[in-house]
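# Close look at the chain arrangement
Spelled out, the chains give:
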Amino acid sequence: MQPLPRSLDPLPGESLPGFLLRLSYRLDIAPLHLAVHCGLGGKMSTTSTFYPRYLLQVDPGLAEIAARSLRLTTSEFHNLTLTHQAPGFPPVQADYLGKSRSISSVVHEGWVFTRFSRYCPECLVEREGRTVGGSWQGRWRLPFVFTCPLHHRFLEWCCPTCGNPAFSAGISEAGRWRPARLIPSPLAVLHPAQCRSQSTENGHVGPRTAPTCGNRLDVRHGPGTVPSTEVTELQDRLSRLAMASATAPAMSLGEPTTASAFFNDLRTTMLLMCATWPVAAELEPNRLQRDADAVHIEGQLRSSSVRMRNGRFLLPARAQGAPSPDPIAAAALMGLASNILGAPEAADHLGSLLAHCTKPWPGQAKLFELEPHCSDGFRKAIRGRLDGLRSGPNGRVIFPQPPTHRDRLEARRIPQRIPDAWFSLLEGIGVAPNALRRDAAIRLVEMAGGFTRRAAALYLGFHDGTELSAATLLRKWQHNGDNAQKYSRALTRLADKITADPHGVDYQLRREQLRTWVIPPDEWTAITEKVTQRQSPRIRPLTRWSPARHLAASAVVWAWATQGYYWLAPMRHHQRHRLPAPQMSAAGREAGRIIQSGGQGSVYRLLNETLWDFCTNLTARIDAGLSATGAPWSSPPEDNRTS
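This part covers the overall build of the protein chain. The helix and strand inventory of the protein chain stands at 25 helices and eight strands. Counting every position in the protein chain, which comprises 643 residues, the buried fraction comes to 55%. Restricting the contact set of the protein chain to residue pairs at least 6 apart, pairs at least 24 apart contribute 71%. For the protein chain, the exposed area adds up to about 27200 Å²; of that, 52% sits on carbon and sulfur atoms.

Now the structure itself:
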């Protein structure tokens, strides 16, 4: 290969795709043609893809050829790959868990972001002294890099214009990721900071003929979210381990180990957390970002339950327990896993997670695969429980709920989330409250008669994963002393209270009316106008009324109207093919912020109040026997919300 007539110096921490983008833009040639010239494209000159494995590492012989062509030293070229940037992080290595992996395995496992990249808009801005733009950092492809330490903000992960994940080929019209590529749209000559995702406008364009978005990602759209000190310290600690060697010293469960073993401990813990959620959340009930965890894990459980047919998985669940692409959700989940490993009672926490595992469950094979490569302290803590899991029974519910209130209690009057006024009859019996709310709702429907436990859960809108996690969380507690009897008596008192109320709400009617509902466009326009009128002139033009916020508002109204959980709102399931994955994730965060609202004048508080008025009018229409889509609404007097 002949050396190029001119080249660029690599920037600190730059990835190989980022360097190729800068150089191709400087030379005004397509990235694919540049890759072919330096030997990275092979015989790919007639196609629009080339190997994403070069993101991780390049064979020494090919690296020498490519470096010579790019006018780099071999060391400079290798430093552009993740294997050299994060040698202590096992998932970037070709040999992992005792075997050699294909790039497709790396892609599907999700522990290295090969399909997309997080990014900091301010780092992509052109700086004085640089020939071409900012750099796409290699560390942005690592799941534990959530923030930009230079600009003290959370990273972004999707394009604000097209909604596709950044540095990706985009999401297809079927709602699936397009194939992983070293550089998306590699035949397009674009500025390095331009979005290269392929648009799927109206769902009529195919993945190879779709135009590129072209939006500049180095433009700030409002201030970035500022990370907490805990998130920053977590990222610093994990980054130091990843940038050290695989044998660098680390601590896990209070015992010395290596960086490589610690990351395997962390991954295994996250796998257990996702398998038994919300058990892990109950270990730290006051932790921040809990809603972000719930949305991410509930989404994994939902897709897992869809895969299950007659006790067999139709598709492998290789990504079970993988970090969320959303940096805020990933920081929350990984922070909880790190806290579990660092807690004095870490062994007890791990034992609790394993005690609530049942089989078959997605990711169990990966658990057995990871265990031999974990730290000695971690393996010692889980050994007994793991042996029991290999041979244990697959019981789902220890105490079947008899239909004690058949013909007296109407299942239609049971909501998905037990109201606070009802829950007061269950408090004080000594079990995790969130799991108790879910389990009690399912058991009340069983008490009404005519339902199996699974049928009762589906009737309320739960999926298999939620029903199973609630059952397993209470299983051990019910074995102790007279807990089962205390729980049964409390449920009986609650069922009697519901039966005695002559003005009970027909929650099933509301669920049926709102099953495929979203806020109609004209009513959504009226809501946004009411919020806009109450905003200050300075804030008004900065507020974006995106499709994700529309979906989030619909989920919040559904949750209030049906007394349910917003992340289980059915419109989130029905709309998943109409919105790209990043916007679906954003909708989950938006819904949580709307419910929690914010300070005086915050758009979330104003939207919360306006939506509550809308919901009051909506439920009045439904309860009166009218359609959920009726006449335009007017704001009723303010009321006190209970959820």
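That was the structure; now back to the text.
This part takes up the nonpolar core. Within the largest apolar cluster, 170 residues are counted, with the highest numbers of intra-cluster contacts made by Leu40, Leu70, Phe77, Phe89 and Phe144. In terms of residues, this core owes the most to one element, helix α22 (residues 547–562), which gives 11 residues. Apart from residues lying up to four places away in sequence, Phe144 is in contact with Phe89, Gln235, Leu238, Ser239, Ala242, Phe263 and Met334.

With that settled, the discussion passes to the side chain of Glu609. By the element assignment, Glu609 lies in helix α25 (residues 603–623). Among the polar contacts made by the side chain of Glu609, one reaches the side chain of Arg534 at a distance of 2.8 Å.

As a further point, take the environment of Arg489. As for its placement among the helices and strands, Arg489 is situated in helix α19 (residues 483–500). Relative accessible area serves as the criterion here: at 46%, Arg489 is assigned to the partly exposed category. As for Arg489 and Leu426, which are separated by 63 residues in sequence, their C-alpha atoms are 9.5 Å apart.

For side chains of opposite charge, pairing can occur when their charged atoms come near one another. Evaluated as defined, the whole model comprises 24 salt bridges. Close ionic contact of Glu255 with Lys380 constitutes a salt bridge, the shortest N to O distance being 3.3 Å. One end of the pair, Glu255, is in strand β6 (residues 255–258); the other, Lys380, is in helix α14 (residues 376–391), with 125 residues separating them in the sequence. Of the charged contacts, one joins Arg589 and Asp326 as a salt bridge, the two residues approaching to 1.7 Å between their closest N and O atoms. Of this pair, Arg589 sits in helix α24 (residues 581–596) while Asp326 sits in the loop between β8 (312–313) and α11 (327–342), placing them 263 residues apart in sequence. Through salt bridges with shared partners, a single network forms among Glu109, Arg267, Lys366 and Glu369.

Parameters and conventions
Residues numbered from 1 in each chain as written. Predicted model: local features only at pLDDT ≥ 70, side-chain atom pairs only at ≥ 80, totals over all residues. Heavy atoms only, no water. Helix = DSSP H or I, 4+ residues; strand = E, 2+ residues; numbered from the N terminus. Buried < 20%, exposed > 50% of the residue type's maximum accessible area, 1.4 Å probe, protein only. Contact = heavy atoms within 4.5 Å. Areas by Shrake-Rupley, 256 points an atom, 1.4 Å probe, with all protein chains shown as cover. Core = buried A, V, L, I, M, F, W, Y, C linked by side-chain atoms within 4.5 Å. Polar contact = N/O pair within 3.5 Å; in protein donor to acceptor, adjacent residues only side chain to side chain. Salt bridge = Lys/Arg side-chain N within 4 Å of Asp/Glu carboxyl O.

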